[in-house]
Amino acid sequence: MRLIFAKEFVKISLLFLEKGEEMGIVELILISIGLAMDAFAVSICKGLSFKKMSWKKALIIGLYFGAFQGGMPLLGYLLGVGFQEKIQAVDHWIAFLLLGFIGFNMIKEALSNDEEECNDKIDFKTMIVLAIATSIDALAIGVTFAFLKVNILLAVALIGIITLIISMLGVKIGNVFGDKYEKKAEIAGGIILILLGLKILLEHLGILVI
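Residues numbered from 1 in each chain as written. Predicted model: local features only at pLDDT ≥ 70, side-chain atom pairs only at ≥ 80, totals over all residues. Heavy atoms only, no water.

### A look at the packing of helix α1 (residues 25-49) against helix α2 (residues 55-81)
The contact between α1 and α2 brings their axes to 11 Å, and the two run at 160°. Of the possible angle classes, the one that applies to α1 and α2 is roughly antiparallel. Once α1 is placed against α2, the crossing between them reads as right-handed. Residue-level contacts link Leu-35, Ala-36, Ala-39, Val-42, Ser-43 and Lys-46 of α1 to Ile-61, Phe-65 and Gln-69 of α2. In terms of residue class, the contact of α1 with α2 is built from 6 nonpolar, 2 polar and 1 charged. (Axes fitted to C-alpha atoms, helices over the stretch in contact; angles between N-to-C directions. Helix = DSSP H or I, 4+ residues; strand = E, 2+ residues; numbered from the N terminus. Parallel < 35°, antiparallel > 145°, perpendicular 65-115°, else oblique. Left-handed = near helix turned anticlockwise from the far one by under 90°. Contact = heavy atoms within 4.5 Å. Nonpolar A, V, L, I, M, F, W, Y, C, P; charged D, E, K, R; others polar.)

### A look at α1
Spanning 25 residues, α1 covers 35 Å between terminal C-alpha atoms, matching the ideal 36 Å at 1.5 Å per step. Approximately 40° is the largest bend angle found in α1, and it occurs at Met-37. Most of α1 is tucked away, with 19 of its 25 residues classed as buried. (Expected span 1.5 Å × (residues − 1). Bend = angle between axes of the 7 residues up to and from the residue. Buried < 20%, exposed > 50% of the residue type's maximum accessible area, 1.4 Å probe, protein only.)

### Description of the packing of α2 against helix α5 (residues 152-177)
Relative orientation of the contacting elements α2 and α5 amounts to 150°, with a least axis distance of 7 Å. Between α2 and α5, the angle is such that the two are roughly antiparallel. The handedness of the crossing between α2 and α5 is right-handed. Its residues assigned to classes, the contact of α2 with α5 comprises 15 nonpolar, 7 polar and 1 charged.

### What to know about the nonpolar core
Counting residues in hydrophobic clusters, the biggest one holds 38 residues, and the most contacted among them are Met-23 and Phe-145. Of all the secondary structure elements, the ones that give two or more residues to this core are α1, α2, α3 (91-111), α4 (124-145), α5 and α6 (182-204). With near-sequence residues (within four places) excluded, Met-23 lies in contact with Leu-28, Ile-31, Phe-145, Leu-148, Lys-149, Val-150 and Ile-200. Among the nonpolar cores identified, the runner-up in size contains 14 residues, and Ile-122, Met-127, Ala-131 and Met-168 belong to it. (Core = buried A, V, L, I, M, F, W, Y, C linked by side-chain atoms within 4.5 Å.)

### A short note on the pattern of salt bridges
All told, the structure shown has 1 salt bridge when counted by the stated rule. Residues Glu-27 and Lys-199 are paired through a salt bridge, measuring 2.4 Å at the closest nitrogen-oxygen approach. Highlighted residues: Glu-27 in helix α1 and Lys-199 in helix α6, separated in sequence by 172 residues. Each member of the pair, Glu-27 as well as Lys-199, carries the same accessibility label: buried. (Salt bridge = Lys/Arg side-chain N within 4 Å of Asp/Glu carboxyl O.)

### Quick look at the environment of Lys-199
With relative accessibility at 18%, the residue Lys-199 sits in the buried group. In this structure, the C-alpha to C-alpha distance between Lys-199 and Phe-96, residues 103 residues apart in sequence, is 8.3 Å. Within the local environment of Lys-199, its side chain forms a polar contact with the side chain of Glu-27, the two groups lying 2.4 Å apart. (Polar contact = N/O pair within 3.5 Å; in protein donor to acceptor, adjacent residues only side chain to side chain.)

Right under this line is the structure:
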């Protein structure tokens, strides 16, 4: 899992930033899906370890991943708002580089030969560690939200709900099909984030007009 360190905590500012076009719901949904792929991969692993499918366990897993995946962008947003005015001239480059970096690492890890250890534990200690590990990228995405005009409450809600649903589906898929789709999902998520980062950059440079 990737590890991205935040520098310092700052006070909350406006929920809506005053520059640029507001990020649309389609883009937010795509980002939510891309971010959920790590949780999806781990959920597949969990489902693979269950002898019998349990929707109750799938819901518990989904709630852990959804809560942290939705909460981390809010924390990242609060961190990023404090620096927004200082780096306004290069904010689109930062968004592009962060999204590209996260997407590239998702693809890199998916293509590696490292195998994740699968077990059927869903106790608090196990799930907290997994939830934090799979949501670090969402913290970085939250930082990019501070440089763009984003309805942060809508973004947090979408990311959390979509991660919850995708994680539950991951448990089911892992239980039925094994890890057949795990790496493909991470690669797809990485590509989505890279393309969205490129779109943001090109729009700010005036090369792409939508």
